[in-house]
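# Inside the fold
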Amino acid sequence: MGMTLEQLNAASADEFVALLAGTYEHSPWIAKRAAGARPLLSLAHLKAVMADVVRSASLDEQLGLIRAHPELAGKAMVSKTLTAESTNEQSKAGLTDCTPEEFARLQQLNADYNERFGWPFILAVRGPRGLGLSRAQIIETFARRLDNHPDFERAECLRNIHRIAEIRLNDKFGVTPTLGQQVWDWAETLALHSDPGFKEQGQLTVTYLTEAHQACAAQLRQWMLDCGFDEASIDAVGNVVGVYRGSDPGARRLLTGSHYDTVRNGGKYDGRLGILVPCVCVRELKRQGRRLPFDLEVIAFAEEEGQRYKATFLGSSGLTGHFNPAWLAQRDADGITMAEAMRAAGHAGTMPPIQELRRDPQHYRGFVEVHIEQGPVLDERDLPLGVVTSINGSVRYLGEIVGQASHAGTTPMGSRRDAAAAVAELVLFVEAQAASMPEVVGTVGILSVPAGSINVIPGRCQFSLDLRATTNAARDALDLAVREELQAICQRRGLHYKLDQTMVAAAAPSDAALQARWEAAVRSLGLPVLRLPSGAGHDAMKLHEVMPQAMLFLRGGNAGISHNPLETITADDAQLCVEAFQHLLDSFR
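Description of the structure in this document. What you see is a predicted model; the values in this text were computed from it and never measured.

With that settled, the discussion passes to the overall build of the protein chain. On a plain count of helices and strands, the protein chain comes out with 23 helices and 16 strands. A compact globule built from 589 residues should have a C-alpha radius of gyration of about 25 Å, and the protein chain, at 26 Å, falls within 12% of that. Over its C-alpha atoms, taken along the principal directions, the protein chain stretches across nearly 75 × 70 × 45 Å. Buried positions account for 55% of the 589 residues belonging to the protein chain. Long-range contacts, defined here as pairs at least 24 residues apart, represent 77% of the contacts in the protein chain between residues at least 6 apart. Within the protein chain, the 70 negative side-chain charges are centred at a point lying 1 Å from the centre of the 58 positive side-chain charges.

Moving on, we get to the nonpolar core. In this structure, Phe323, Leu385 and Trp518 are the most contacted members of the largest nonpolar core, which totals 84 residues. In terms of residues, this core owes the most to one element, helix 13 (residues 273–287), which gives 9 residues. Apart from the residues within four sequence positions on either side, Phe323 is in contact with Val237, Leu314, Ser317, Gly318, Leu328, Met338, Met342, Met351 and Ile354. The next biggest cluster of nonpolar side chains, apart from the first, holds 50 residues, and it includes Ile66, Leu72, Leu109 and Tyr113.

Attention now goes to the packing of aromatic side chains. Per the counting criterion, the structure on display carries 10 aromatic pairs. Taking the centre distance of 4.6 Å and the plane angle of 50 degrees together, the rings of Tyr113 and Phe117 count as tilted. Linking Tyr113 with Phe117, this pair stays in helix 8 (residues 100–117), spanning 4 residues, or about one helical turn. You can call Phe117 buried: its relative accessible area is 8%. Between Phe121 and Phe142, the ring centres sit 3.9 Å apart and the planes meet at 10 degrees, which makes this aromatic pair stacked. In this pair, Phe121 sits in the loop between helix 8 and helix 9 (135–145) while Phe142 sits in helix 9, placing the two residues 21 residues apart along the sequence. Look at Phe142 and you get buried, because its relative accessible area is 0%. An aromatic cluster of at least three residues, connected via ring pairs, comprises Tyr113, Phe117, Trp119, Phe121 and Phe142. The positively charged end of Arg159 is found above the aromatic ring belonging to Phe152, 5.6 Å away from the centroid.

Residue position: Val175 is located in the loop between helix 10 (150–173) and helix 11 (178–190). With near-sequence residues (within four places) excluded, Val175 lies in contact with Leu43 and Asn170.

Time to look at the pattern of salt bridges. Evaluation of the coordinates by the stated rule reveals 37 salt bridges. The residue Arg55 makes a salt bridge to Asp52 at a minimum N-O spacing of 2.7 Å. Here Arg55 pairs with Asp52, and both are found in helix 4 (residues 43–56), just 3 residues apart, close to one helical turn. Residue classification places Arg55 among the partly exposed residues on the basis of a relative accessible area of 35%. Using a relative accessible area of 35% as the deciding quantity, one classes Asp52 as partly exposed. Here the salt bridges share partners, and the residues they tie into one network are Lys47, Arg163, Glu166 and Asp572.

Parameters at a glance
Residues numbered from 1 in each chain as written. Predicted model: local features only at pLDDT ≥ 70, side-chain atom pairs only at ≥ 80, totals over all residues. Heavy atoms only, no water. Helix = DSSP H or I, 4+ residues; strand = E, 2+ residues; numbered from the N terminus. Rg over C-alpha atoms; globule rule 2.2 N^0.38 Å. Buried < 20%, exposed > 50% of the residue type's maximum accessible area, 1.4 Å probe, protein only. Contact = heavy atoms within 4.5 Å. Lys, Arg positive; Asp, Glu negative; His and termini not counted. Charge placed at Lys NZ, Arg CZ, Asp CG, Glu CD. Core = buried A, V, L, I, M, F, W, Y, C linked by side-chain atoms within 4.5 Å. Phe/Tyr/Trp six-rings, centres within 6.5 Å; stacked < 30°, edge-to-face > 60°. Lys NZ or Arg CZ within 6 Å of the ring centre and 35° of its normal. Salt bridge = Lys/Arg side-chain N within 4 Å of Asp/Glu carboxyl O.

And the structure:
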C-alpha cells in the first residue's frame, strides 16, 4: 500500500517531512515549506507545490540542493555510499555496470563539468518514461550540456531534480502513469517510420505522401480501430479520420486532432501528441463501455509543415473548404506534382473528392487540440499544462538593402554606404521594439551578404522578417513600426531597399467557452492555470476560420525545444494531458 494524500494532509509538520524524506536529496527544507500549502488536492498538486518552493528559494539554497546530489558513476557509487534512491536510479540506468571506457569517459565529463560550473551534473537517469536512459544517452546528454550558459544549466539541473523527485513520489505513492506511457510508446513506434536518407541516420522526417507518411497513416488507422473507434478511414488528402459515435446521433460533434507529418530531422511529439491523446481517451471509453452524448471525431491531419510542397495546412484546409486547386500542380524537389503524389498514394488527386471533405460547421461544437508547447514557458514555470489564449497572427517579409560595395581599407567611415550595417541596425530595432510590446515577437532569421568578401564593404544585404502577435492590431502595429524604421535607416544612410511580403496570417483567439473548459480541466487535476499564447501556427488556426477552437499545451523538456530531435515529453505529463482531455469530454452534456 503506497502513501496517500490523506496521510500527508492529516500529518503533523514533522510527520509530513518524514513521509517525504528522500524525495529531494538531503533537502528536507523543501518538504517543510511545502507543508504550508495543504490541503493537497492531488499528487500533481504536491509536485507543483514542491517545485514552486525550489523556484522561490534563494540562489544559495538552489545551489545547495544541486550540490547535495552525487556525481553520475562517481566515487560515491564505487564506494557504495549513495542514498538508496540514488543507488536505485543509477542502477536502473546501468551506471553500476559501466565498461572501463564508459567509466573513464564519465569521470572526465564529471571533472570538466565541475570545473566549468562548480556543481555536479544532474540528470534524471530514469528518463522520460521511467525505464532508465542508456549509458550512451547519458554520456551524449552530459557532453551536450557542457556547452550551456551557467544560468541556463543551473535551471536545467533544477528541472532534472524535479523530474527525479516526481519519479520518487510515484514510487512512494505506488502510481504508474499507464495512460501517459501508452502515448509515449505509440509516439516511439510511429517514429520508426522515416523518409529515406533520414531513417539511415536515425533522424525522423515524414513528409507528405512519402512511403513513411503512408505507413504512419496506416498505423494510425489501425490503432484507431484497435482503440474501438466505430469508423476509421483515410480521406482524399491523406487525413486519417476516426469517429467514436455518441449516444445521441443528432447531437453536434466535437472535432479534435493534429498533424502527423514532421519537419526534416524533427521531434516525435509535434502534432502527433494531439492525435494519440484522444485515441487513448477513446480506448478508455470503449473499455468502460461508455458513450459520450455526442460523436467524437479525431483527425490525424496529413500535412501541416509545408516541407515537400510550398503549401501548408493541406489536411485541415480540406476540412475548411479552403484547399487551393493550384497546389495540385506544385512540384517537389524531384519534379513530382502534388496530384501525381496523391495518385501514387491511391488518391484521386483531383478537386471533386477534395471538395467533398468540407465539414459543415453547424454540425460541430468546435475544435480542440492538444499540442506540445514548442517553447520554454511551461518548462521554466515547472508546470505540465498550459491553456492557450490565442494563436499568434503573423506577417513575413523577404527584403534587401542596397548600398555601395567599396574597398574596406580606402573608404572613410563617413563615406560608406554599408548595406549590412543598415540591416544590423534594423535587427536591433526589431528586437527592442518587440520586447517593448506585450505578447509580440520579432525575428530576423536570414542575413546574407551576396558575394561578400572580408575586405569589401557590403553593397547588398538580404534579410527576412517574421513578426508575430496575439492580435492582428498588435501585429500590424509592430509591422508598421518596423517598416517605418527601415525607411528611416535607409534614408539616413543613403541606401535604398525592397521588401516583399511573403505571408500574412490572422491571429486566432481561443473561443472563450472552450478555453474555460480547458481551464476547468487543468484545475480538476489540482494544477494552477497558466494562460499563454501560441507563437507557432497550428491546425487549430485553420479550423478557427470556420468554427470555435481552443488549445491545451503540454510541457516540452530540454527547455521546450521543438522541431528538433531533442524534443521530449514525460509519460507523467502525458498522463495529465490525457486526464485533462477526459475531463473536457465529460464536461459536455
